[in-house]
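What follows is the residue order along each chain.
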Amino acid sequence: MPGAPAYRRYGYPRSRAGVPSGKSSLYQDAEYVTTVADSPARNRYELGGVPLAAAAVDHIARVEKVLNGSGDVTLQRAASALVNQAALVLYDAGKPAAADQADALSLEFAVRAKDPEGQARAYEGLSRISLYRGDFARAVSYAEKGLKVQGASNSRRASLYMRLGRSLAHVPAQQHASRSALDQARSVGGLSPFGEAALIGDVGIGLGHLRAYREAGTLLSKAAEQIGQWSPLFQAQYLGRQIQTSFRASDPAFAADRMTELARALPF
């Protein structure tokens, strides 16, 4: 958006009161950093990572500068959340190396803050990126480390079981363990409607890798239908996965039907 204020172009919330007293940067204020962390999450659901990547890198640099040597636990907890969101943006933008570094930094901040949710969240991100890069053993290890963190939310534990299941699906002779982890992910409960829809879709992807094509297709269809009200981007991703699953299941007619549905979703 050329000519727009920086806070609108790059996802910064406008400060109501300027820089807090005694602080040289808004990034020294935990409340502000928490608010900033919400912005990439909302925008990523709508736009994907590519338009937000430059802002994500800028957020990380600003947070690192402010937190160098800082012992503010509340600020470190907020910074961990912001850097994790930046990592998701970079991952979506096809920059896995940068995303991996960001999630490692998010984990460091969460450990300093003694924040179990932040630690589990960072481990989930590191598992996601390792799986994307084809390092399945590391993806499994990170998911297992995340599940060992005491005090994480139900939503986080469900996601970590899903990550474990999807990673194990690529490891020889681990299909049974993979299926068990995916089933465990769905049994956790207590998720938000959006979180439930996303989990269903991600479990469906894992089942596709286990060649449980019919069940995978059912879950992916359900996820695409439910999640569209929040994220057309995620809806398109699950429809795309359903098309891939249909081809693997030798069902080109259904794949063609899903392609038509995907064509309707993509313009949005």
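For the structure, see preceding data.
Residues numbered from 1 in each chain as written. Predicted model: local features only at pLDDT ≥ 70, side-chain atom pairs only at ≥ 80, totals over all residues. Heavy atoms only, no water.

A. Focus on the environment of Leu164. Positionally, Leu164 belongs in helix H8 (residues 154-168). Leu164 sits 21 residues away from Ala185 along the chain, and the two C-alpha atoms are 9.2 Å apart. Ignoring any residue separated from it by four or fewer positions in sequence, one finds Leu164 in contact with Val140, Ala143, Glu144, Leu147 and Ala181. (Helix = DSSP H or I, 4+ residues; strand = E, 2+ residues; numbered from the N terminus. Contact = heavy atoms within 4.5 Å.)

B. Expanded view of the environment of Leu147. For Leu147, the location among the structural elements is in helix H7 (residues 136-148). Distance in space between the C-alpha atoms of Leu147 and Arg157 is 6.3 Å, their sequence separation being ten residues. Excluding its chain neighbours within four sequence positions, the residues that come into contact with Leu147 are Arg157, Leu160, Tyr161 and Leu164.

C. Expanded view of the nonpolar core. Leu164, Ala185, Leu199, Val203, Leu207, Ile227 and Tyr238 are the most contacted members of the largest nonpolar core, which has 38 residues in total. Mapped onto this core, the elements with two or more residues apiece are H7, H8, helix H9 (175-187), helix H10 (193-209), helix H11 (213-227), helix H12 (232-248) and helix H13 (252-265). Of all the elements, H10 adds the most residues to this core, at eight residues. Core analysis: the second largest hydrophobic core is formed by 28 residues, Ile60, Val66, Ala102 and Ile129 among them. (Core = buried A, V, L, I, M, F, W, Y, C linked by side-chain atoms within 4.5 Å. Buried < 20%, exposed > 50% of the residue type's maximum accessible area, 1.4 Å probe, protein only.)

D. Summary view of the packing of aromatic side chains. A full pass over the atoms with the stated rule returns five aromatic pairs. A centroid spacing of 5.7 Å and a plane angle of 80 degrees characterise the contact between Tyr27 and Tyr32, whose relative ring orientation is edge-to-face. By relative accessible area, which is 4% here, Tyr27 ends up buried. With 5.4 Å between their ring centres and 75 degrees between their planes, Tyr91 and Tyr132 make a pair best called edge-to-face. Highlighted residues: Tyr91 in helix H4 (residues 73-92) and Tyr132 in helix H6 (residues 116-132), separated in sequence by 41 residues. Aromatic rings pair up to connect Phe194, Trp230 and Phe234 into one cluster. It is Arg128 that lies over the ring of Tyr91; its NZ or CZ is 5.9 Å from the centre. (Phe/Tyr/Trp six-rings, centres within 6.5 Å; stacked < 30°, edge-to-face > 60°. Lys NZ or Arg CZ within 6 Å of the ring centre and 35° of its normal.)

E. Region of the structure containing the pattern of salt bridges. If you walk through the whole model with that rule in mind, you get nine salt bridges. The salt bridge partner of Glu108 is Arg112, with a shortest N-O separation of 2.4 Å. Of this pair, Glu108 and Arg112 both sit in helix H5 (residues 96-112), four residues apart, which is roughly one turn of the helix. Residue class for Arg112 comes out partly exposed when judged on its relative accessible area of 36%. With a shortest N-O distance of 2.7 Å, Glu124 and Arg156 are connected by a salt bridge. In this pair, Glu124 sits in helix H6 while Arg156 sits in helix H8, placing the two residues 32 residues apart along the sequence. (Salt bridge = Lys/Arg side-chain N within 4 Å of Asp/Glu carboxyl O.)

F. Expanded view of the packing of H4 against H6. Across the interface, H4 lies against H6 with an axial gap of 10 Å and an inter-helix angle of 15 degrees. Comparing the axis directions of H4 and H6 gives the class roughly parallel. Helix-helix and strand crossings are classified by hand; for H4 and H6 the assignment is left-handed. Here H4 contributes Arg77, Ser80, Ala81, Asn84, Leu88 and Tyr91 to the contact with H6, which in turn contributes Gly118, Arg121, Ala122, Arg128, Ile129 and Tyr132. Among the residues making up the contact of H4 with H6, the classes are represented as six nonpolar, three polar and three charged. (Axes fitted to C-alpha atoms, helices over the stretch in contact; angles between N-to-C directions. Parallel < 35°, antiparallel > 145°, perpendicular 65-115°, else oblique. Left-handed = near helix turned anticlockwise from the far one by under 90°. Nonpolar A, V, L, I, M, F, W, Y, C, P; charged D, E, K, R; others polar.)

G. Structural view of the packing of helix H3 (residues 53-67) against H5. At a minimum axis separation of 12 Å, H3 and H5 run at an interaxial angle of 35 degrees. Relative to H5, H3 is oriented so that their crossing is left-handed. Where H3 abuts H5, its residues Ile60, Val63, Glu64 and Leu67 lie against Ala102, Leu105, Phe109 and Arg112. Its residues assigned to classes, the contact of H3 with H5 comprises six nonpolar, no polar and two charged.

H. Quick peek at H9. When the terminal C-alpha atoms of H9 are compared, their 18 Å separation across 13 residues agrees well with the 18 Å that a helix rising 1.5 Å per residue should span. Three or more residues of H9 are buried, namely Ser178, Ala181, Leu182 and Ala185. End-on, the buried residues of H9 take up no more than an arc of 100 degrees, which puts them together on one face. If you follow the buried residues of H9, they end up packed against H8 and H10. (Expected span 1.5 Å × (residues − 1). Arc of directions from axis to C-beta.)

I. Spotlight on unusual backbone geometry. Phi at Ala173 is positive, roughly 65 degrees, even though this residue is not glycine. Tracing the chain through its elements places Ala173 in the loop between H8 and H9. Its identity is not glycine, yet Arg211 carries a phi of approximately 70 degrees, on the positive side. Its place among the elements puts Arg211 in the loop between H10 and H11. By relative accessible area, Arg211 is classed as exposed at 66%.

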